[in-house]
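Understanding the architecture of this molecule
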Amino acid sequence: MTGMRVLAAMSGGVDSSVAAARAVEAGHDVVGVHLALSAKPGTLRTGARGCCTVEDARDARRAADLLGIPFYVWDFAERFTEDVVEDFVAEYAAGRTPNPCLRCNEKIKFAALLDKALALGFDAVCTGHYARLSLVDGRPELRRSADEAKDQSYVLASLTPEQLTHALFPLGDSVKTAVRAEAARRGLAVADKPDSHDICFIPDGDTRGFLAGRLGERSGELIDDATGQVLGRHSGVHGFTVGQRHGLGISTPAPDGRPRYVLALEPVSGTVRVGSADRLRVTEITGERPVWPSGVPLAGPVECVVQVRAHGGTAPAVAEAVDGGLTVRLRKPLRGVAPGQAVVLYRPDPAGDLVLGSATISATA
Ligand SMILES: Nc1ncnc2c1ncn2[C@@H]1O[C@H](COP(=O)(O)OP(=O)(O)OP(=O)(O)O)[C@@H](O)[C@H]1O
C-alpha cells in the first residue's frame, strides 16, 4: 500500500534511518519522531553513553533532514520509566526475568506512541525492527526476518492484531549488511554507527549493579536443591536468572565437582535454589496471557517450534491453548527456561517462520 500517513520512529541508529528512507521511497507521507525515553540522557559535553543521548536525537534529526521529512522529538520519558523500567525492576524483585524490549514494544512503541500517532491522523508507525509483516485477507502475519542473526520477531510476538495492523517494518526482508550498505549509499551519516545492544537504559551493561542500586540489599540463602544444604548467601534474588551458572558466589564446592546452575528463585523467602545441569531440563511450559498476533487462537494441540528467550532457546513442541493460558510440551528438553520471559510459537516456513502466538512463561516442569 502506498500513500499512507506514516510516523517513523527514529532512534538515530542506522536501522530506523533506512526504514524511514524506505517508507519515503515507497510513496508514503512520512514524519520522523525521536522519543526521549531517558530522564537523564547523556550529553555532548561529558560524552557519556546513555539512553537516547543528545547525539542520538541529533543523528535522527540529520537523517530526517536528508530525507526532507518533518521531524519532532517527543518526551516519553515518564511513560517509559513507569511501563518499562519500573516493570523491569518489579519483575526481577518478584524472581522473574523480564524482557524490556518486548515490554517497550507492547507498552510504548505500539501503545503510547501508536495511540498518539492515530489520534493525530497517522495510519501507521514505522520502525527499523527486523521482522516480516504482511496482511493476508485482512489478518496480520508476523514472520522471522530474512536476517536470522538480527531477527526481532520474538520481541514483537506479543503485539495484538490491532497493533500490528498499524505497524510497518520496512527492513524485514533485508540483512543488516545490506542495510548498512544502503545507508552509506543514501549518504546517511549513521551508516557506520555501531549496533545498539543489551538494555538501552543500562548503558554500561551492569544489570546486577543497576538492580542493586534500585532494590538494595535483600539477602538470602543459596540452597542445593538436591540435598537442602546451604551453600552460601547472596544479596538479592534479583541478581539471578534461572539457568545462570556464573557469578553464583558459592563458597562450598559440590561433592561431585560438577558446576551448579540456578534452578529456581523464591522471592518471599529470598532463597536461590541451585543444582546440576540435568535438573535444569524442562519438558513442559505453562504460559499466561496468550496473544495471537494474527487474531487466530490455537485450535487443539498444534505442532510448532517454540523460542523461550530473545536469542536461541528453540525446540520442537506441541502447544495448546487451555483456560485462557497456554500449555507447551517440548519434544526436546530445553535448559534455562526462565519465568517472566516469553514463549513464542512459530510455524516453520521457508518464507520466514510464522508467529502463531506468544505467552508469558509462568511455570515449568
Ligand atoms: N529513542 C527512540 N526514538 C524513536 N524510535 C526508537 C527509539 N528507540 C528505538 N526506536 C525504534 O525501535 C526500533 C527498534 O529498536 P532497537 O533498540 O531494537 O533498535 P536497533 O535495532 O538498534 O535500530 P536502530 O539502528 O534504528 O537504533 C528502532 O529501529 C526504531 O525504529
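Residues numbered from 1 in each chain as written. Predicted model: local features only at pLDDT ≥ 70, side-chain atom pairs only at ≥ 80, totals over all residues. Heavy atoms only, no water.

Taking an unreviewed UniProt entry as the reference, the protein is identified by name as tRNA-specific 2-thiouridylase MnmA belonging to Gandjariella thermophila. The UniProt entry for the protein carries this comment under Catalytic activity (unreviewed entry): "S-sulfanyl-L-cysteinyl-[protein] + uridine(34) in tRNA + AH2 + ATP = 2-thiouridine(34) in tRNA + L-cysteinyl-[protein] + A + AMP + diphosphate + H(+)". On record in UniProt, under Sequence similarities (unreviewed entry), the comment for the protein is "Belongs to the MnmA/TRMU family." (UniProt positions renumbered as here; feature names shortened; annotations may be inferred.)

**Some remarks on the site of the ligand**
Near the ligand you find 18 residues, and of these A9, S11, S16, L35 and S196 are the closest. Between the ligand and D15 there is a distance of 3.0 Å, counted from an oxygen atom to a backbone nitrogen or oxygen. One of the backbone N or O atoms of S16 is found 2.7 Å from an oxygen atom in the ligand. In the complex, the protein chains occlude 86% of the 590 Å² of accessible area that the ligand would expose alone. When the residues that make up the shell around the ligand are grouped by side-chain class, the tally is seven nonpolar, nine polar and two charged. (Near = heavy atom within 4 Å. Polar contact = N/O pair within 3.5 Å; in protein donor to acceptor, adjacent residues only side chain to side chain. Areas by Shrake-Rupley, 256 points an atom, 1.4 Å probe, with all protein chains shown as cover. Nonpolar A, V, L, I, M, F, W, Y, C, P; charged D, E, K, R; others polar.)

**Structural notes on the side chain of T127**
Counting through the fold element by element, T127 comes out in the loop between β4 (124-126) and β5 (131-136). Relative accessible area serves as the criterion here: at 4%, T127 is assigned to the buried category. A polar contact of 2.7 Å, which involves the side chain of T127, links it to the side chain of H129. Leaving out residues up to four positions away in the same chain, T127 has contacts with A9, A19, F110, L168, F169 and P170. (Helix = DSSP H or I, 4+ residues; strand = E, 2+ residues; numbered from the N terminus. Buried < 20%, exposed > 50% of the residue type's maximum accessible area, 1.4 Å probe, protein only. Contact = heavy atoms within 4.5 Å.)

**A closer look at helix α3 (residues 77-93)**
A rise of 1.5 Å per residue sets the reference length of α3, with its 17 residues, at 24 Å; its end C-alpha atoms lie 22 Å apart and thus fit the reference within 8%. At D87, α3 is bent by approximately 30°, the largest bend along its length. Buried within α3 we find A77, F80, D83, V84, V85, F88, V89, E91 and Y92. The inward-facing, buried residues of α3 abut β2 (29-36), β3 (71-75), α4 (100-119) and α7 (207-215). A positive backbone phi angle near 80° is found at G95, which sits one or two residues after α3. (Expected span 1.5 Å × (residues − 1). Bend = angle between axes of the 7 residues up to and from the residue.)

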